[in-house]
Amino acid sequence: MTKYIIIIASVVLLIIILSYFRNKRAKSKVIHVIDDNCSGCRACIKKCRHKALEILDNEEGRRVVLKNPQKCTACRDCIIACKFNALELVNRK
Ligand code: SF4
Ligand code: SF4
């Protein structure tokens, strides 16, 4: 019985620690689009659960922009989805 309590307590502690570092990263980092690399493929938009990104389509071409920086949690999902190396995390100003 004690063994199970230790395992459960360890898992809870791990979740709390991971959550702490995730929140810390979200407060200090935000996504940045490298415009010259963006093809406008939308893969990152589909991947972003927080709807922080938006496609911009004008005479200069099609590319993604960070529509809502407050919504970005710096989770990196969009970076992983981007095949064009057009996204990076930068420090929030
Ligand atoms: S996945 Fe990359 S190339 Fe495609 S729209 Fe997003 S930033 Fe641009
Ligand atoms: S880092 Fe995460 S929250 Fe921020 S734009 Fe990319 S997928 Fe969305």
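Residues numbered from 1 in each chain as written. Chains lettered and ligands numbered in written order. Predicted model: local features only at pLDDT ≥ 70, side-chain atom pairs only at ≥ 80, totals over all residues. Heavy atoms only, no water.

As recorded by an unreviewed UniProt entry, the chain carries the name NAD-dependent dihydropyrimidine dehydrogenase PreA subunit and is attributed to Bacteroides reticulotermitis.

So, about the site of ligand 2. Taken together, Ile31, Cys48, His50, Ala52, Leu53, Cys72, Thr73, Ala74, Cys75, Arg76, Asp77 and Cys78 make up the full set of residues near ligand 2. Residue composition of the shell around ligand 2, grouped by class: eight nonpolar, two polar and two charged. (Near = heavy atom within 4 Å. Nonpolar A, V, L, I, M, F, W, Y, C, P; charged D, E, K, R; others polar.)

Close contacts around ligand 1 come from Cys38, Ser39, Gly40, Cys41, Arg42, Ala43, Cys44, Val64, Cys82, Phe84, Ala86 and Leu87, and that covers them all. Broken down by class, the residue content of the shell around ligand 1 amounts to nine nonpolar, two polar and one charged.

By the bridge criterion, six bridges tie strand 2 (residues 53–58) to strand 3 (residues 61–66) in an arrangement that is antiparallel. Bridging across to strand 3, Ile55 finds its partner in Val64. The antiparallel pairing of strand 2 with strand 3 creates a hairpin that spans two residues between the two strands. (Pairing = 2+ DSSP bridges. Helix = DSSP H or I, 4+ residues; strand = E, 2+ residues; numbered from the N terminus.)

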